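Take a look at the letters that make up each chain.
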Amino acid sequence: MAVTRQLSLFLQNEAGSLNKACQVLAQNNINIITLSLADTREYGILRLLVQDQAKAQELLTQAGFVVKDTPVLVVPVADQPGGLAAILAALDKENLNVLYMYAFPSGKDGKALMVFRFEEPEKALTVLENAGF
């Protein structure tokens, strides 16, 4: 479990916007570890964890994207019924609100990985570590 940096890109909600961002990364040999895409009527928010966050942020900004760097917490979760519920219960005990989250399988030790966004990621890290996660 660790606090890491996520890139959030604001994309026009039109064909080709997502491809353009992915092409910038591909052409510069930057691997996407995981992503989440959300939309509104006018724009989309592409959230990315990449192998070289600083380089990706620089290249995407140079390509004309609005990019925000945000701390997120990556937490291993038991890939079984109740795995996520146990983590959420520990957070609720400390009144920590999850702003958003998304998941990706790790394929290791029966765990998935959850990416959490909190207002206080360091506090969330401490709470989850103390709860045995």
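A quick note: this is a predicted structure, and the numbers were derived from the prediction, not measured.

The subject of this paragraph is the pattern of salt bridges. The tally for this structure, following the rule as stated, stands at one salt bridge. Linking Asp-69 and Arg-5 is a salt bridge whose minimum nitrogen-to-oxygen distance equals 2.6 Å. Pair noted here: Asp-69 is in strand β4 (residues 66-78) and Arg-5 is in strand β1 (residues 2-12), with a separation of 64 residues, a long-range link.

Restricting attention to buried positions, one finds in helix α3 (residues 83-93) the residues Gly-83, Ile-87, Ala-90 and Leu-91. The buried residues of α3 occupy an angular sector of 100° when the element is viewed end-on, so they sit on one face. Turned more than 90 degrees from where α3 packs its buried face, Asp-92 and Lys-93 sit exposed. Against the buried residues of α3 lie β4, β6 (111-117) and α4 (121-130). Phi turns positive, to about 55°, at Asn-95, one or two residues after α3.

Running from amino to carboxyl end, helix α1 (residues 17-27) crosses helix α2 (residues 53-62) at an angle of 130°, the nearest separation of the two axes being 10 Å. It follows that α1 is oblique to α2 by the angle criterion. Judged by the sense of rotation from one axis to the other, the crossing of α1 with α2 is right-handed. Of α2, the residues touching α1 (which contributes Ala-21, Val-24 and Leu-25) are Ala-56, Leu-59 and Leu-60. Here the contact of α1 with α2 is composed, by residue class, of six nonpolar, no polar and no charged.

Parameters at a glance
- Residues numbered from 1 in each chain as written.
- Predicted model: local features only at pLDDT ≥ 70, side-chain atom pairs only at ≥ 80, totals over all residues.
- Heavy atoms only, no water.
- Salt bridge = Lys/Arg side-chain N within 4 Å of Asp/Glu carboxyl O.
- Helix = DSSP H or I, 4+ residues; strand = E, 2+ residues; numbered from the N terminus.
- Buried < 20%, exposed > 50% of the residue type's maximum accessible area, 1.4 Å probe, protein only.
- Arc of directions from axis to C-beta.
- Contact = heavy atoms within 4.5 Å.
- Axes fitted to C-alpha atoms, helices over the stretch in contact; angles between N-to-C directions.
- Parallel < 35°, antiparallel > 145°, perpendicular 65-115°, else oblique.
- Left-handed = near helix turned anticlockwise from the far one by under 90°.
- Nonpolar A, V, L, I, M, F, W, Y, C, P; charged D, E, K, R; others polar.

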